[in-house]
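Chains, contacts and geometry: an overview
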Amino acid sequence: MTKDFWIAALIRAVRTIAQTAVATIGTTAVIEDVNWLVVGSSALLAGVLSILTSIATGLPEAGGEEDE
């Protein structure tokens, strides 16, 4: 696992965190109804899962393998 791998994995994780946060926020009708604890914990969990998936399957952009 090279420096390029960790950079690519971190970029993927940040994107996943952002996507999860937007999706979780989007489930509420009004911004005041957003449960920020749920948003944060869901997004953080998604980021951790993204890193673990990158470790398990590799990243093509870092010269690794990827399951398709």
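Residues numbered from 1 in each chain as written. Predicted model: local features only at pLDDT ≥ 70, side-chain atom pairs only at ≥ 80, totals over all residues. Heavy atoms only, no water.

A few points about the environment of Ile-25
Following the sequence through the fold, Ile-25 ends up in helix α1 (residues 3–25). Between the alpha carbons of Ile-25 and Val-38 there is a distance of 9.3 Å; along the sequence they are 13 residues apart. The residues touching Ile-25, leaving out its near neighbours within four places in the chain, are Ile-31, Val-34, Trp-36 and Val-39. (Helix = DSSP H or I, 4+ residues; strand = E, 2+ residues; numbered from the N terminus. Contact = heavy atoms within 4.5 Å.)

Details of α1
Look at α1: 33 Å from first C-alpha to last across 23 residues, which is about the 33 Å you get at 1.5 Å a residue. Within the sequence span of α1, burial applies to Phe-5, Ala-8, Ala-9, Ala-13, Thr-20, Ala-21 and Thr-24. Here the buried face of α1 lies against α2 (36–57). (Expected span 1.5 Å × (residues − 1). Buried < 20%, exposed > 50% of the residue type's maximum accessible area, 1.4 Å probe, protein only.)

Focus on the side chain of Ser-54
Along the chain, the position of Ser-54 falls in helix α2. Ignoring any residue separated from it by four or fewer positions in sequence, one finds Ser-54 in contact with Phe-5, Ala-9, Arg-12 and Leu-59.

Describing the packing of aromatic side chains
For the structure on display, the rule yields 1 aromatic pair. For the ring pair Phe-5 and Trp-6, a centre distance of 5.1 Å and an interplane angle of 85° mean the geometry is edge-to-face. (Phe/Tyr/Trp six-rings, centres within 6.5 Å; stacked < 30°, edge-to-face > 60°.)

Observations regarding the packing of α1 against α2
Orientation of α1 relative to α2, taken along the N-to-C sense of each, is 150°, at an axis distance of 8 Å. Taken together, α1 and α2 sit at an angle that is classed as roughly antiparallel. In the packing of α1 onto α2, the handedness of the crossing is right-handed. Residues Phe-5, Trp-6, Ala-9, Leu-10, Arg-12, Ala-13, Thr-16, Ile-17, Thr-20, Ala-21, Thr-24 and Ile-25 of α1 pack against Trp-36, Val-38, Val-39, Ser-42, Ala-43, Ala-46, Gly-47, Ser-50, Ile-51, Ser-54 and Ile-55 of α2. Tallied by class, the residues present in the contact of α1 with α2 amount to 15 nonpolar, 7 polar and 1 charged. (Axes fitted to C-alpha atoms, helices over the stretch in contact; angles between N-to-C directions. Parallel < 35°, antiparallel > 145°, perpendicular 65-115°, else oblique. Left-handed = near helix turned anticlockwise from the far one by under 90°. Nonpolar A, V, L, I, M, F, W, Y, C, P; charged D, E, K, R; others polar.)

Functional significance is not addressed by these values, which are geometric in nature.
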